[in-house]
Each structure stands twice: as structure tokens, then as C-alpha cells.
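Inside the fold
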Amino acid sequence: MTVTTDPTTTDTATTAIPFGDPDAAARPIGATTDKLTALLADVDPAVERALTRFLHEEVQVLDDWKWGEWLDFFADDCLYWAPTQEERLARERSRHISAFRTSAYFEENKVQLKQRVDRLLTNQAWGEEPPSRARHIISNIRVTKGVAEDEYVVKSNFYDYRSIGQRSQDSITGERTDRIVRDPASPWGYLIKERRVLFDMSIILNKNLSLFY
Amino acid sequence: MTDITELIDIENGRLSGKIFYDQEIYEQELEKVWKRAWCMLAHDSMIPKRGDYLQTYIGEDPIMVVRQKDGSVRAFLNQCRHRGMRICRADKGTAKAFTCSFHGWAYDLAGDLIQVPRQNTAYPETFERGDFGAVKVPRIQYYKGFWFGTWDKDAPDFEDYLGSAKYYLDGYIDRWDGGMEQVAFHRWVLPNNWKFMAEQPTSDMQHSEITHISAATVLNKGSDAADRTLRGNDPVGRQFFADFGHGGAWYGEKGAEVPNTGQAMQAYEAQPEIAEMIARRLGDDREVRGHLNIWPTFMLLGNYTIRVTHPRGPHEQEVWAWTFVPKDAPEEIKDSIRRDVLRTFTPAGMFEADDALNWEEMQHILKGKVARETGYLYQMVGAPIQWDEGCYPGGSSAHVFSDNAAINMYANYLDMMTSDSWEELMEKRAQHRMGLPTTPAAVQA
């Protein structure tokens, strides 16, 4: 298959998630050194509140099937990535999660995300026709400063429930790690530059992953 | 034992829904199909170094596949001989030995029992570790990078089992001097009978233009995934089937380019030195990629997703799908194949998502007594069946859409389910070659 643009190839790192400041929690802030105070001081409370609301608004848009509006949350050069996991012994634990550009459920740029959205809007995407009722629940939102100016790394956990057809239902849990940048020109004032979705299942027990996470 | 001869009508192309639903028939499949057929266990690139292992299944039976110190591969049942615990619970890794987490019985790379805690003090002197090695898969054969295994000592050699399907399988896996390697792996569960999926790469190219219309609509024009679906208006191509239930179909005519892996891959294969290599390995007239299933569930799709499905009762299956690439291809070619597969034929793939829905509904409907007895139709002829026509071994039809390969798959299934030995099965298969003038019109089991 051909794609017209491919920002995913610009990243040469072995992981697509190099961002964030791993030392943020350990950094002393003035005379105060307890971890929580340090974490809270790392990010302006107004920004943290804004980003929390930003993620809550995003999943509402998903649950409302407003796919076109959902794309507004993402930068044009975004990466939407979901690696696979395997059962590995503890001594090989570093290999639980597949490396970037190996096994993935998603590895999308904005053009490719739009293709997936357009597919759902054909009214012939039988896996979601009639449409499912989905509920995205986001919690454990943690905002830390990113590496770049006006960039934040936001971790959150999700529980996504889907009811489809008369009796079918499934759910999936996982962790999202987002790299979000401030962009006053964007509809929400912020844009997701990169999202890593880590599903907790090693074998996906759902019949498909036809929505977004 | 259920007599399934009443449930499969080869002559009239009719099947009973019971074969997809009935628990007793399923138990019979475990015995007659899964304990007898050749199943794909691993590829060299999955276990490259000595001590590398992976867990897989033959049917419902968990199997350890392990690279030995001498480079060979062995396979054994992943079940401790003491109390039946799984010996190894990791999907894959590298090991020197495997120790059961229940009472600590330890097995070496070949599956031989090497340590029993308290053997000297608590067991009688007559206890011999050699009597209690893990149950070995008795026959393992290597074919062009892949390792296959069967429980049945009397099964024909793997190449004979392939029969005329060998020609078509080679079209996928034997194109490259440097061989192939696995670069991605996906697993998911579908709530339906395993035969629904097996049937699709064996025969059903036609579902694509309906089931996958949404994906084909949004994919870029000129992309293979879009093309192979939208070509339904002019379905030039061929479908083939082989004696032991294998089958496949592809678009295009002899000598035509078969664009199954996207434009980057097409351009790569069109390079003179690459085209020369493929022609040297396969011959000039080989163009046979599309869908292929080696019975029961070793499936190859044209964009190099290769998969095995494992049955999980009559109502569920696990899909294990690997992405393969030519080992010597440039990184950007490998990456284009990998991304093509992940966006089309994984649980999040735009094609796969819609297949799942159909099969789930079909399975659920079979709960109905009337629905189960209504029966399914397999009467699409496509074109007359020819045998060993031109450069195409086996039975085939000069039409990409047909039910012939599917009904051949069920004819083989019927013969397997009603035969007590490979010898008996092979006799039946020889008599039941569909479309031959000498063949009795009806299959009497």
C-alpha cells in the first residue's frame, strides 16, 4: 500500500517515546525536596488542568463518533503508535514490549489516521455498522514537562468499553503516553504530537481493534 | 462419533451449519484432523540461535519448538509428565533448560527429563527419568525456512502432503536467494469456528469486494490493497486446489504482474537483477500470489502476512499472524511490507476488522436450531475445473471467483473425518478428485 506522506520514517530512535524528563521527580525545587511537591512544581497548575480537560474532551469526541473533530487533536506530523506485548520471563522483561518499527497494532501518521476515520465514515465499515456504543474512561493523568519548550508528557490509563450488535461487548485497558505541545493556533490550543498506546493484553481477546484508543 | 457424511454434500455444494457448531464434531476434528495434519511450527528466523524457543500449538495442544545445540529443531508437548503442568509459560526466549513451576521437574532443550527433585530419596530405584521425557512431536520436517510437525507417524512426507500446492507455496516463500525473515507478530481471538477463516484464503476472493469495500474506498488509489479489492469488476485470475484440502486464488493472468505487496515492493521486484533472481528460482511463468491456505490453517496472503490459526473449541479461534519480508531487501522495502500488513491484516487492520464481524455473526446465528439446519451454499462455478492445465498444477479454474477450492477443502475434511488411517484417507482422496471425467459425480464416503 502506498501512502502519500510518511513522517513515521523520520524517527530513527529505537523507541518512539524518547521524550519526557525521567529525572523530574527527583529534582529539588528550592528548599522543598519531597517528590510530590517537585512533581507539582514541574508543571504550571493551569497547564495541568488544561491538559487533563483536553484529554477528557478528546475521549468524549471519540465516544460521540465525531471522528473528523477527533483529528483536530493531533498535529499534522503526529505519530500514533501501539506496540504489541508478549509473555516473556522476568530476565527477558525488557523484551515484553515490541520495539518501535517492529510489531505494532497501529503505526499511523495523520494521513493514515484520516484514512481510518474516512473508512468509519463510509457507512460500509461493517465491523462498526451499525455503530458500536463505546465508552473511553481515562484516569491516572500525570503531566510532566517535556524536553522541548511548551511540550508536555502526559501519561494516563484507559479503560475502553464497547457494546456492539445486540449482545456483543468487549473492553480493553492500557496506558497512553502522549507528547503534547502548546499551539495557540490549533482548535484546542494544544496538539498531540505523539501517542503511544500500550494495550495490556498479549493476545488481543477482542475480535478487532476497529476504533481509536 | 458423529457421522458427518450427511452434513457435507460435495456434489450439490451444500454444507450443514452443524460442522461449525457441534461440540462432538469438534472433538472428532481434534482427533482426525489436528492429530493427523502437518502444521506449521516455526520459521528459522523466529528461533535463530541455539537455545531459542517458542511456544505454539498443534490444534489445542501446546507445543515447545526449540533450536538445539546442533542447529536442528525439535518440538515436544509443553506438558510436564509429572502432573500435567505447562513446562514453559513464556511465549519465547532463550533457555538452557525448562523447569516446571509446580514440582520442579526439569527438561533439556530436546524435552528429555534431566532432573527430578528428591528422586534419590523419595522415588523407587526403578524410577527412570528416560521414561518420562516430554511427549515428542514424532515427525518434524523442514521446508524452505519453515518447520512443520505432525503427530501422525504414517502421514506422507510434507512435500507429498503439499502435492500440487507446493508450486503455489513456493511462489510466496521461495522467491528470494537470501530467504525470508519474520519482522512482526500479532495474535488475537475471534469468536467463530476455525473453518470459516481457513476457507477464506483457500477459496474466497469474492468476499473482498463486499466485506472490504470501506477499506478499499479510503486507501490511496493505486495502492495494492485498494486495487485487489476493486478489481472485482474484471475478475481475471485463477483459483486452484490440491488433494489434501489446500487451495488458493489470485488475480491476474499468466505473465501479468501480480501487485500484491504495494508499489514499493512491485518496483523492487521489477528491478532487473531481482526479476532475474525470481525467474531463476521459480521459472518465468510463475505468478501465483494472492490467497493460499495449506490445510488446515497455514495461510499466506499476498502482502506477506503469514498466519496459523489455532482452534479453541467450535466457537473460537486464535489467530497467530506474522509479517515476513525478503531478508536481503532494503530496509525501506521491508518497512513498507511491515506497515502494509499492520494496517490491513492485524486486529487493528482495516481489512481484518470487517472479516471478524461477519464470522462472529455467522457463528452466533448457528445457535438457532432452524438456522443450523438450513445449510450453506457452495455452488459458484466460476469456470470449468481443469487438472494440471498449462503451467498450473492441481485442479484449477480460470476464474478468480469460485467455490471449487472451498468445496474441495470440505471434501478433504469429510474424508479425513471418516478415515481411520492415512492410507484410507489417501485412497479416498484419489477417488474424489473433483472435476475429473473419471470421478464419480457424487462423493460417497
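If you're wondering where the values come from, they're calculated on a predicted model, not measured in any experiment.

Thoughts on the overall build of chain B
- Helices and strands together make up the secondary structure of chain B, namely 15 helices and 22 strands.
- Computed over C-alpha atoms, the radius of gyration of chain B comes to 22 Å, within 12% of the 22 Å expected from 2.2 N^0.38 for 445 residues, which places it in the range of a compact globule.
- Taking the principal axes of the C-alpha coordinates as reference, chain B spans close to 75 × 55 × 40 Å.
- Contacts in chain B between residues far apart in sequence, at least 24 positions, make up 66% of those at least 6 positions apart.
- Summed over all atoms, the accessible surface of chain B reaches about 16,800 Å², with 48% contributed by carbon and sulfur.
- Computed over 48 positive and 65 negative side-chain charges, the inter-centroid distance for chain B is 7 Å.

Quick notes on the sheet that holds strand E1 (residues 8-9) of chain B
Residue and element names in this part refer to chain B.
- Read from one edge of the open sheet, three strands run E1-E2-E20, paired in antiparallel fashion. In this open sheet, the two edge strands, each paired with only one partner strand, are E1 and strand E20 (376-377).
- Bridging between E1 and strand E2 (residues 14-15) involves two bridges; their strand directions are antiparallel. The residue of E2 that forms the bridge with Ile8 is Leu15.

Comments concerning the confidence of the model for chain A
- Taken residue by residue, chain A gives an average pLDDT of 88. The fraction at 70 or more is 85%.
- Between residues 1-14 of chain A, whose pLDDT stays under 50, and residues either more than four places distant or in other chains, the model counts 40 contacts.

Describing a positive patch on the surface
- On the surface, Arg91(A), Arg50(B), Lys69(B) and Lys96(B) cluster together into a patch of positive charge.
- Within the element layout of this structure, Arg50(B) appears in the loop between strand E3 (39-43) and strand E4 (52-58).

Overview of helix H4 (residues 110-120) of chain A
- Burial runs high along H4(A): eight of the 11 residues are buried.
- For H4(A), every residue scored as buried is listed here: Lys110(A), Gln112(A), Leu113(A), Gln115(A), Arg116(A), Val117(A), Arg119(A) and Leu120(A).
- Packing partners of the buried residues in H4(A) comprise helix H3 (67-71), strand E1 (74-83) and strand E2 (104-108) of chain A together with helix H7 (213-218), helix H11 (331-344) and helix H12 (352-365) of chain B.
- The N-capping residue of H4(A), defined by a side-chain oxygen 3.1 Å from the backbone nitrogen of Val111(A), is Asn109(A).

What about the pairing of strand E22 (residues 392-397) of chain B?
All names here are of chain B.
- The element E22 is extensively covered by neighbouring structure, given that five of its six residues are classed as buried.
- Across three bridges, strand E14 (residues 237-241) lies against E22 in antiparallel orientation. Counted as the bridge partner of Phe240 is Ser396 from E22.
- Inspection of the sheet shows strand E21 (residues 385-389) paired to E22 by four bridges, in the antiparallel sense.

Digging into a nonpolar patch on the surface
- Taken together, the side chains of Leu36(A), Leu39(A) and Leu40(A) define a hydrophobic patch exposed on the protein surface, amounting to about 280 Å² of accessible area.
- With respect to the element layout, Leu40(A) can be found in helix H1 (residues 35-42).

Digging into the interface of chain A and chain B
- Contacts between chain A and chain B engage 44 residues on the former and 51 residues on the latter.
- The junction of chain A with chain B conceals about 3,900 Å² of combined surface from both sides, 51% of it contributed by carbon and sulfur atoms.
- Joining chain A to chain B, the criterion identifies five salt bridges.
- Close ionic contact of Glu360(B) with Lys207(A) constitutes a salt bridge, the shortest N to O distance being 3.1 Å.
- Counting across the chain A and chain B interface gives 26 residue pairs in polar contact (both at pLDDT 80 or more).
- Residue assignment for the side of chain A that touches chain B shows that the elements contributing at least two residues are E2 and H4 of chain A.
- Residues that form the side of chain A that touches chain B fall into these classes: 12 nonpolar, 18 polar and 14 charged.

Focus: the side chain of Gln182(B)
Residues and elements named next belong to chain B.
- As for its position among the elements, Gln182 is in strand E13 (residues 180-190).
- The class of Gln182 is buried, set by a relative accessible area of 18%.
- Setting aside residues up to four positions removed in sequence, Gln182 forms contacts with Ser45, Met46, Trp322, Thr323 and Phe324.

Let's talk about the nonpolar core
- By size, the foremost hydrophobic cluster in this structure holds 147 residues, and its most contacted members are Trp70(A), Phe199(A), Ile8(B), Phe298(B) and Tyr413(B).
- Tallying contributions element by element places helix H14 (residues 404-417) of chain B first for this core, with 10 residues.
- When neighbours within four sequence positions are excluded, Tyr413(B) is seen to be in contact with Ile4(B), Ile8(B), Ile19(B), Ile25(B), Glu29(B), Val33(B), Lys195(B) and Trp295(B).
- Among the nonpolar cores identified, the runner-up in size contains 18 residues, and Val66(B), Ile87(B), Leu109(B) and Ala134(B) belong to it.

A short note on the sheet that holds strand E6 (residues 190-199) of chain A
Residue and element names in this part refer to chain A.
- If you walk across this open sheet you meet the six strands as E2-E1-E6-E5-E4-E3, and the pairing is mixed. Each edge of the open sheet carries a strand with a single partner, namely E2 and strand E3 (133-145). Between one strand and the next, the sheet's axes are offset by a mean angle of 20°, whatever the strand orientation.
- Both strand E4 (residues 151-164) and strand E5 (residues 168-182) contribute to a ladder of 14 bridges, which runs antiparallel. Of the residues in E5, the one forming a bridge with Phe158 is Gly174.

Here we look at the pattern of salt bridges
All names here are of chain A.
- A full pass over the atoms with the stated rule returns 49 salt bridges over all chains.
- Between Arg88 and Glu86 there is a salt bridge; the shortest N-O distance is 3.4 Å.
- Its relative accessible area of 13% is what places Arg88 among the buried residues.
- According to the relative accessible area criterion, Glu86 is buried, its value standing at 16%.
- A salt bridge links Arg196 to Glu175, with the shortest nitrogen-to-oxygen separation between them at 3.6 Å. In this pair, Arg196 sits in strand E6 while Glu175 sits in strand E5, placing the two residues 21 residues apart along the sequence.
- Here Arg196 falls in the buried class, since its relative accessible area comes to 14%.

Reading guide: rules and limits
Residues numbered from 1 in each chain as written. Chains lettered and ligands numbered in written order. Predicted model: local features only at pLDDT ≥ 70, side-chain atom pairs only at ≥ 80, totals over all residues. Heavy atoms only, no water. Helix = DSSP H or I, 4+ residues; strand = E, 2+ residues; numbered from the N terminus. Rg over C-alpha atoms; globule rule 2.2 N^0.38 Å. Contact = heavy atoms within 4.5 Å. Areas by Shrake-Rupley, 256 points an atom, 1.4 Å probe, with all protein chains shown as cover. Lys, Arg positive; Asp, Glu negative; His and termini not counted. Charge placed at Lys NZ, Arg CZ, Asp CG, Glu CD. Pairing = 2+ DSSP bridges. pLDDT = per-residue confidence, 0-100. Patch = residues over 30% accessible without salt bridge, like charges linked within 9 Å, V, L, I, M, F, W, Y side chains within 5 Å. Salt bridge = Lys/Arg side-chain N within 4 Å of Asp/Glu carboxyl O. Buried < 20%, exposed > 50% of the residue type's maximum accessible area, 1.4 Å probe, protein only. Polar contact = N/O pair within 3.5 Å; in protein donor to acceptor, adjacent residues only side chain to side chain. Buried area = accessible area lost by both parts, 1.4 Å probe. Nonpolar A, V, L, I, M, F, W, Y, C, P; charged D, E, K, R; others polar. Core = buried A, V, L, I, M, F, W, Y, C linked by side-chain atoms within 4.5 Å. Axes fitted to C-alpha atoms, helices over the stretch in contact; angles between N-to-C directions.

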